[in-house]
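Architecture and fold: a report
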Amino acid sequence: MKRFLYGSCILLLSVSVTLSIYFTFKVLSIEAQSKPIPPKKYDYHFVLVPEELDNDYWRLVEKGAKDAAKEHHVLLEYVGPAQADLKEQIKTIERSAASRVDGLLTQALNEKQFTPLINKIDLQGIPVITIDTDAPKSNRIAYIGTNNYYSGFIAGLALAKDLKGKANVAIITGRFEASHQQLRVQGFKDAVKNYKGIKVIAIEESNISRVQAAEKTYTILKEHPEVNAFFGTSALDGIGIAKVIQQFHRENSTYIISFDVLPETIAYLKEGVIEATVVQEPYEMGYQAIKMMIAHLEGKRIANSIYTETKVVYRKDLPLVPERNYEVRR
Ligand code: BGC
């Protein structure tokens, strides 16, 4: 009898322990299931790779892209060479593709190297949008930026009109090998070729550097003192040209048409050292590029290429609106 009672007690105890363990787990797992799952912080991860990070023009592209990314829950990284360096830019693109981002936005500096590079990334399943400079024969899904040939063409027309069809012109271009710079130069030359009084005397490259643009201006003036007009085809060129022209007190006898409106460009425009400049819409490029990439990933059809606005502006047109395309905050 004693043994029977003892056995029943043990049995009861083990049943109750088993049941309480079972119910504790059940409650815990129900609690775990009903706990809200933390929201996914980002829907997509994109990378934007320009030719030069520390460039006020590209900072505006970045700003537009970051604003759109914030609105649409996109994690956006702005990476690349601090100072223009093609090898470093290409390496950054390859590294970004290897880390399996959802989309890549980049400036396709020259067709020869960027067409195979973009095609390789496309084969890995990563869509590419080109910004500012296009590789039209590549498998990029779209281009957004200036119509670079047209922007050079309107610069040529403006110079011809302002100088009444007579000038000895020197061109300082960002890089000889960059497609958008070649297109700007070509557009300019085509626009002035029907003016017998306009001669393009020299063309040099600045390597995307104010200092080198200034050095090249100095050399041109020494070798070709007859030059009385300059065209700077990328954002820092006009600034370098203007510095030398002002230093040599030649602002009254030299006409300068530049590109973009960095703070220094605006200051020279206001002083009358730079007469005119071709503006682009860098903020808009960045902003729209992000929206295009999202639309593509959502299976929507997007335009093959979108040309943002470009025009020639003078001192009388300042201040420019909408501010977001032109205002650099440091
Ligand atoms: C061009 C950019 C370039 C920048 C250099 C701009 O005019 O559109 O591609 O990187 O100038 O300063």
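This text follows the structure it describes.
Owing to the predicted nature of the structure, the values given are computational and were not obtained by experimental measurement.

Reading the values: the criteria
- Residues numbered from 1 in each chain as written.
- Predicted model: local features only at pLDDT ≥ 70, side-chain atom pairs only at ≥ 80, totals over all residues.
- Heavy atoms only, no water.
- Pairing = 2+ DSSP bridges.
- Helix = DSSP H or I, 4+ residues; strand = E, 2+ residues; numbered from the N terminus.
- Axes fitted to C-alpha atoms, helices over the stretch in contact; angles between N-to-C directions.
- Near = heavy atom within 4 Å.
- Polar contact = N/O pair within 3.5 Å; in protein donor to acceptor, adjacent residues only side chain to side chain.
- Areas by Shrake-Rupley, 256 points an atom, 1.4 Å probe, with all protein chains shown as cover.
- Contact = heavy atoms within 4.5 Å.
- Parallel < 35°, antiparallel > 145°, perpendicular 65-115°, else oblique.
- Left-handed = near helix turned anticlockwise from the far one by under 90°.
- Nonpolar A, V, L, I, M, F, W, Y, C, P; charged D, E, K, R; others polar.
- Phe/Tyr/Trp six-rings, centres within 6.5 Å; stacked < 30°, edge-to-face > 60°.
- Buried < 20%, exposed > 50% of the residue type's maximum accessible area, 1.4 Å probe, protein only.
- Lys NZ or Arg CZ within 6 Å of the ring centre and 35° of its normal.
- 1 Å grid on protein atoms, 1.4 Å probe; cavity = no way out; pocket = protein on both sides within 12 Å on 5 of 7 lines; lining within 4 Å.
- Points joined across faces, edges and corners; volume = space filled by probe spheres on them.
- Domains from an automatic or database assignment.
- Salt bridge = Lys/Arg side-chain N within 4 Å of Asp/Glu carboxyl O.

Judged by pairing direction, the sheet is parallel, and its six strands sit side by side in the order β2-β1-β3-β4-β5-β11 without closing on themselves. With partners counted over all chains shown, the strands left at the sheet margins are β2 (74-78) and β11 (305-307), one partner each. Going across the sheet, the axis of each strand differs from the next one's by a mean of 20 degrees, ignoring polarity. Pairing of strand β1 (residues 44-49) with strand β3 (residues 103-106), which is carried by four bridges, proceeds in the parallel orientation. In the strand pairing of β3, Leu-48 is matched with Leu-105.

Taken together, 14 residues form the shell around the ligand, and within it Glu-51, Trp-58, Asp-132, His-180 and Asp-260 come nearest. Here an oxygen atom of the ligand and a side-chain polar atom of Glu-51 are 2.5 Å apart. His-180 is positioned such that a nitrogen or oxygen atom in its side chain is 2.8 Å from an oxygen atom of the ligand. In isolation the ligand has 310 Å² of accessible area, and contact with the protein removes 100% of it.

Turning next to the environment of Ala-167. Its location among the elements puts Ala-167 in strand β6 (residues 166-173). Put simply, Ala-167 and Val-200 are 33 residues apart on the chain and 8.4 Å apart in space, counted from C-alpha to C-alpha. Residue contacts for Ala-167: discarding those within four places in its chain leaves Leu-159, Gly-197, Ile-198, Lys-199, Asn-228 and Ala-229.

Now for the packing of helix α8 (residues 237-247) against helix α9 (residues 263-271). Running from N to C, α8 and α9 cross one another at 40 degrees; their axes reach a closest spacing of 10 Å. Here α8 is positioned oblique relative to α9, judged by the angle of their axes. Considering only the axes of α8 and α9, their crossing is left-handed. Contacts between α8 and α9 pair Ile-239, Ala-242, Lys-243 and Gln-246 from the former with Glu-264, Thr-265, Tyr-268 and Glu-271 from the latter. When its residues are assigned to classes, the contact of α8 with α9 shows three nonpolar, two polar and three charged.

The next subject is the sheet that holds strand β9 (residues 255-259). In space, the six strands of this open sheet follow the order β7-β6-β8-β9-β10-β12, with mixed pairing throughout. With partners counted over all chains shown, the strands left at the sheet margins are β7 (197-205) and β12 (311-314), one partner each. Here the strands of the sheet are splayed against their neighbours by 20 degrees on average, with no regard to which way each runs. Inspection of the sheet shows strand β8 (residues 229-232) paired to β9 by three bridges, in the parallel sense. Among the inter-strand pairings, Phe-231 is bridged to a residue of β9, identified as Ile-257. Strand contacts of helix α7 (residues 210-223): β6, β7 and β8, with the helix running at about 145 degrees to β6, the strand carrying the most contacts.

Turning next to the packing of aromatic side chains. On inspection of all chains with the given rule, the structure shows eight aromatic pairs. For the pair Tyr-44 and Phe-46, a centre-to-centre distance of 5.8 Å together with 15 degrees between the ring planes defines the contact as stacked. Pair check on accessibility: Tyr-44 and Phe-46 agree, each one buried. Feature note: the residues Phe-188, Phe-231 and Phe-259 constitute an aromatic cluster, connected by ring pairs. The positively charged end of Arg-184 is found above the aromatic ring belonging to Phe-259, 4.1 Å away from the centroid. Above the face of the Tyr-287 ring, Arg-324 is positioned so that its terminal group lies 5.4 Å from the ring centre.

As a further point, take empty space enclosed by the protein. Counted under the stated rule, the structure contains two cavities of 30 Å³ or more. The volume enclosed by the largest cavity comes to roughly 130 Å³. Broken down by secondary-structure element, the contributors of at least two residues to the lining of the largest cavity are α2 (56-71) and α6 (179-192). Of the residues forming the lining of the largest cavity, the biggest block, three residues, is contributed by α6. Class assignment of the residues belonging to the lining of the largest cavity gives a composition of five nonpolar, six polar and four charged. Residue-level mapping places the lining of the largest cavity at the junction of two domains, with at least three residues from each of domain 1 (44-146 + 282-309) and domain 2 (148-279). Of the pockets and cavities examined, the second largest cavity occupies roughly 60 Å³. Lining of the second largest cavity is provided by Tyr-57, Leu-60, Asp-260, Val-261, Leu-262, Gln-280, Pro-282, Asn-325 and Tyr-326.

This next bit is on the pattern of salt bridges. Enumeration according to the criterion identifies 17 salt bridges in this entry. The salt bridge partner of Lys-120 is Glu-94, with a shortest N-O separation of 3.6 Å. Residue Lys-120 is found in helix α4 (residues 111-123), and its partner Glu-94 is found in helix α3 (residues 86-98); the two are separated by 26 residues along the sequence. For Lys-120, a relative accessible area of 42% translates into the label partly exposed. Here Asp-190 ties to Lys-193 by a salt bridge, and the two come within 3.5 Å at their closest N and O atoms. A single salt-bridge network, built from bridges that share partners, covers Asp-54, Arg-59, Glu-62 and Lys-66.

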